[in-house]
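# Examination of the molecular architecture
So the chains spell out like this:
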Amino acid sequence: MLEDYRRWSAGCGLLLLLVLAGMYASVYLWRPAPPEMGDGYGDEEGPLKPEELHAPPKPPTAREQISELENKQRFDDAVALCERFIKDGQQESRDEARARLPRLLDRQFDGYLRGKAYGQAQSTLMKMAALGVTAFGDGQTDAARTYKNTLENMQERWKNEQRNRMSEAVRSGVAAVVDALAAELAADPAAELTGHEFLTFQMERWKEARAAGRTEEATKRLRFAAEVAAGEHVQAESWGFERSAVEEMLRKTLSSDELLDEGKRLLAKKDYTLAACYLLAFREPQNPAVPKKREEIEAWWLERLQRKMLGYEALLGLAQESAHGTLRWLPPDEATNRVEVLLSIVRASARDIETFDKRALDPKEKYRLPEEAWQAQFAAFQDKMTRLIRRGDYMRAESLGRQVLTQDAKDYQFYFRVNFLKCDPWTGVPAELRERIEKKTKDPPQQLAELMQAATTGEYTPDFPGKEALVDQHATATARNGIAMLEDSPGVAYSALREVLRRAPKSTAAEEVRQALFKAIRKARDEKNFSKLYQHAGVFIGELGRAIPAEFREELAGCLQTAADYYKNGAPMSRAFMLSLLADVLAGDPRGQAAADEALRLGFEAVAKIPMETPHKPDLTLPSTLSGYSIVGLDNATEYHLMVFYDGPEKFFARINPYRRGSAVLKDGAYTTAVIVTSESVRPYRAQVNYQKEYAQHRYVIVAEGERNNPNYHRLGDFLGDYTLLRTPSGVGNFEIEPKTGFVIKK
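The strand order 4-3-6-7 describes an open sheet built from four strands, whose pairing is antiparallel. Looking along the sheet, the strands with just one partner apiece sit at the ends: strand 4 (651–656) and strand 7 (685–691). Put simply, the sheet's adjacent strands are angled 20° from each other on average, direction ignored. Pairing of strand 3 (residues 642–647) with strand 6 (residues 669–677) involves six bridges; the strand directions are antiparallel. Looking across to strand 6, one finds that Phe645 is bridged to Ala674.

Attention now moves to the side chain of Arg251. Within the element layout of this structure, Arg251 appears in helix 10 (residues 245–253). Buried and unpaired, Arg251 has no salt bridge, with Glu248 as the nearest side chain of opposite charge at 5.0 Å. Non-local contacts of Arg251, meaning those with residues more than four positions away in its chain, are made with Arg243, Leu259, Ala281 and Arg283.

Right, let's talk about the environment of Leu533 for a bit. Checked against the element boundaries, Leu533 lands in helix 24 (residues 530–544). On the basis of relative accessibility, which here comes to 0%, the residue Leu533 falls in the buried class. When the C-alpha atoms of Leu533 and Arg522 are compared, they prove to be 8.0 Å apart, with eleven residues separating the residues in sequence. What Leu533 contacts, discounting residues up to four positions off in sequence, is Ile521, Ala524, Arg525, Cys559, Ala563 and Met578.

Following the sequence through the fold, Ala80 ends up in helix 3 (residues 75–88). The spacing of Ala80 and Ile66 is 14 residues in sequence and 9.8 Å in space, taken between C-alpha atoms.

Pairing between side chains becomes possible if they bear opposite charge and their charged atoms approach one another. Taken as a whole, this structure holds 60 salt bridges when the rule is applied. Notably, a salt bridge pairs Arg351 with Glu354, separated by 2.7 Å at the nearest N-O pair. Of this pair, Arg351 and Glu354 both sit in helix 15 (residues 349–356), separated by three residues, roughly a single helical turn. The exposure class of Arg351 is partly exposed, given its relative accessible area of 37%.

Next up on the list: the packing of aromatic side chains. What the rule picks out here adds up to 28 aromatic pairs. Measuring from ring centre to ring centre gives 6.0 Å for Phe198 and Phe224, while their planes differ by 80°; the resulting arrangement is edge-to-face. Taken together, the positions of Phe198 in helix 8 (residues 196–211) and Phe224 in helix 9 (residues 215–235) put the pair 26 residues apart, joining distant regions of the chain. Looking at Phe198, the relative accessible area reads 2%, which means it is buried. On the basis of relative accessible area, Phe224 is assigned to the partly exposed category, the value being 21%. Each ring, one from Tyr415 and one from Phe420, has its centre 5.6 Å from the other, and the planes form 80°; the classification is edge-to-face. Tyr415 sits in the partly exposed class, given a relative accessible area of 32%. Note on Phe420: relative accessible area 2%, which makes it buried.

What follows concerns the packing of helix 2 (residues 62–71) against helix 3. Two elements in contact, helix 2 and helix 3, have axes whose closest approach is 8 Å; the angle formed by their N-to-C orientations is 160°. With respect to each other, helix 2 and helix 3 are oriented roughly antiparallel. When the axes of helix 2 and helix 3 are compared, the crossing they make is left-handed. Facing Ala62, Gln65, Ile66, Leu69 and Glu70 of helix 2, the residues of helix 3 in contact are Phe75, Asp77, Ala78, Leu81, Cys82 and Phe85. Taken together, the residues of the contact of helix 2 with helix 3 sort by class into eight nonpolar, one polar and two charged.

Attention now moves to the sheet that holds strand 2 (residues 629–636). Reading across from one edge, 1-8-2-5-9 is the order of the five strands in this open sheet, with mixed pairing throughout. Every other strand in the sheet has two partners, leaving strand 1 (620–623) and strand 9 (723–727) as the edge strands with one partner each. Averaged over all adjacent pairs, the angle separating strand axes in this sheet is 25°, with direction ignored.

What follows covers the packing of helix 18 (residues 394–417) against helix 20 (residues 444–457). Between helix 18 and helix 20, the least distance of the axes is 8 Å, while the angle of their chain directions is 145°. Each of Leu405, Thr406, Lys410 and Phe414 in helix 18 lies in contact with helix 20, whose residues at this interface are Leu448, Leu451, Met452, Ala455 and Thr456. By residue class, the composition of the contact of helix 18 with helix 20 is six nonpolar, two polar and one charged.

For the rest of this paragraph, the subject is helix 20. With 14 residues, helix 20 extends 20 Å between its outermost C-alpha atoms, agreeing within 8% with the 20 Å of an ideal straight helix rising 1.5 Å per residue. Taken together, the buried positions of helix 20 are occupied by Gln447, Glu450, Leu451, Ala454 and Ala455. Taken down its axis, helix 20 places every buried residue within 145° of arc, on the same side. In this structure, the buried side of helix 20 is in contact with helix 18 and helix 19 (431–440). Positive backbone phi, approximately 90°, marks Gly458, located one or two places after helix 20.

Let's shift gears to the nonpolar core. One finds Met166, Val246 and Leu250 to be the most contacted residues of the largest nonpolar core, which totals 112 residues. Looking at this core element by element, the count peaks at eleven residues for helix 13 (residues 294–323). In this structure, Val246 is in contact with Leu199, Met203, Leu222, Ala225, Ala226, Ala229 and Cys277, ignoring residues within four places of it in sequence. Counting 57 residues, the second-largest nonpolar core is a separate cluster that includes Phe540, Leu556, Leu560 and Ala576.

Right, let's get into the side chain of His641. With respect to the helices and strands, His641 occurs in the loop between strand 2 and strand 3. Within the structure, the side chain of His641 is placed 3.4 Å from the side chain of Arg655, a separation counted as a polar contact. Looking at His641, its side chain comes within polar contact range of the side chain of Asn657, at 3.2 Å.

Along helix 2, the residues classified as buried are Ala62, Ile66, Leu69 and Glu70. One side of helix 2 carries all its buried residues, which in axial view fall inside an arc of 100°. For helix 2, the elements touching its buried residues are helix 3 and helix 4 (91–114). Backbone geometry just downstream of helix 2 places Gln73 in the positive-phi region, at approximately 60°.

To continue, consider unusual backbone geometry. For Lys116, which is not a glycine, the phi torsion comes out positive at approximately 55°. Along the chain, Lys116 falls in the loop between helix 4 and helix 5 (118–136). The phi dihedral of Lys528 falls on the positive side, at around 55°, and the residue is not glycine. Looking at where Lys528 falls in the secondary structure, it is placed in the loop between helix 23 (508–526) and helix 24. Given the relative accessible area of 63%, Lys528 is considered exposed.

Procedures and definitions
- Residues numbered from 1 in each chain as written.
- Predicted model: local features only at pLDDT ≥ 70, side-chain atom pairs only at ≥ 80, totals over all residues.
- Heavy atoms only, no water.
- Pairing = 2+ DSSP bridges.
- Helix = DSSP H or I, 4+ residues; strand = E, 2+ residues; numbered from the N terminus.
- Axes fitted to C-alpha atoms, helices over the stretch in contact; angles between N-to-C directions.
- Buried < 20%, exposed > 50% of the residue type's maximum accessible area, 1.4 Å probe, protein only.
- Lys, Arg positive; Asp, Glu negative; His and termini not counted.
- Salt bridge = Lys/Arg side-chain N within 4 Å of Asp/Glu carboxyl O.
- Contact = heavy atoms within 4.5 Å.
- Phe/Tyr/Trp six-rings, centres within 6.5 Å; stacked < 30°, edge-to-face > 60°.
- Parallel < 35°, antiparallel > 145°, perpendicular 65-115°, else oblique.
- Left-handed = near helix turned anticlockwise from the far one by under 90°.
- Nonpolar A, V, L, I, M, F, W, Y, C, P; charged D, E, K, R; others polar.
- Expected span 1.5 Å × (residues − 1).
- Arc of directions from axis to C-beta.
- Core = buried A, V, L, I, M, F, W, Y, C linked by side-chain atoms within 4.5 Å.
- Polar contact = N/O pair within 3.5 Å; in protein donor to acceptor, adjacent residues only side chain to side chain.

Following this line, the structure appears as structure tokens:
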């Protein structure tokens, strides 16, 4: 039995070996033979290798590369990679790097702060701040907003850290430690040295040095504390109302007469920093004996006012010094500008003068100090604009210029000059603006209110010291801010560029805009980005009209023809728009007429498909003075080109540029009219209209669906400029347009 089992087991094992051998042999026998080396080698492809069955792996994306370094906490390498992508990468990589870089620098900065590696933390913060103009200059993208918020947060944490460090040093009570840290922070533009503890410590050391006869050390400590106090006071806008530890210690140490005498002496030496401390520390006697006679009372209040004005004079001098960057703790370019706050305090002294100085003096003499503060204010604005433009911070410069030309100029004219200097508010007002206001209302107060409103909106800018230079600076900042946004935020950019071309057409800034727009058109053509070419060309030609410089004309015509050809299939209205622009560029050339004819044909074919609507009532209807003809006034208060088609006794179309006006003369009769804009998101309009010897004025705005009473106005929508003559019937004589009203008459 055992023997049979062994034989059976051996037989099964042998059978299993034979099966395995057969399987191996079959695989080997059926394997394709390798190609022979010789004739015909390579004529037929051999079998694919396993690795050839799969596509090669894609290189890691920018996000993957940055994330890998960030996960490994290799922040230096991740930051360097982001900087490389921003400088040289493709658009997708640049966008990713911009979005990630602020967070990386923030994490790096936070690690340095926790480790008390203050030198490295400061370097990281400076690197973050330096990225602003080059990497995030347009300020309109999500990445730019993230960057701005992150930078502000880092700067605030840095200031808090420095304040905490100073508090620890002060609590140590060791003057050498406090002085060393104060010297370190004084060399750091991003640090902020304020706080009651530090000022109290400094003033106690001042008192000790003064008592010991160490005059030089005492003066040095007092000056340093005074500069710090100036920054702290002005930031809180409380100078003159609250006293810091500096003034409190001075008041405890010196009498009122000593404070006043020393303040006057320092003011005469133009040492405004120390003079301000002594004069603001001065206190009037408590419970003074007030005279009872009117003349004596007025003289008593005038004497108090004159002592107060000494402090204002010191603040004015301090502001003028700091406007040029001579005082470390009064940086003139901060968002909350301490220099401007100082000057505003001095300007406000006009109200005190009006209340307490009853002398019948020449207003220019009486209000000399606030007038000087206003002049210093405008000079400081000019200096600040120059610095902002020089370092490429165009957005802040543009915003500052707009504030000065509207709000500050208005306040200077109507609050100060009219109220206190008794100037005529209508001096320097353009005649046509004054005439329009006088037609609108006969009530003098209401007329003045209308004039002030015109100043607020920028339609009129009152005169102020240095106005011409600041207007030019604002145009430069606006132009360069718009040019910087042209690639990533063209819609926002166009608004800025239009403003420059309209308000300062002969300026250097306007020439920069023209060159930048044409360069953008050329780039869009080279990249075959016809959407951008479509937009850029619309702005360029829409603003320059037929006054396009000769050197641009032929190349621009070629760009437009290329775009028109691109839109030949499937986009008839886009092609018609390009051809209408081409007709303007080549006006008087047979090619231009051919383009206009083709645009007319395409346009009418396209608008025939638009459904009919109930005609909108004109905004204004008046009789026409032209026998057998009507006039249509068209106000385009939209950001798009407007194309209006008329089919009736005459068949034509007119194109009105964004935020512009024009009038068309047409034969009386019934017309099918269609209005479209160069945006697929705006629904066109088509209706039947009957014109009979009338002037019909239409104002076009974009209205959100379901919100017809809430038109989407833009600030340029109220400044459409003069009317131009868009078209007249041929062969019936010459016509002349009245540019302010749009009325047309025969010559």
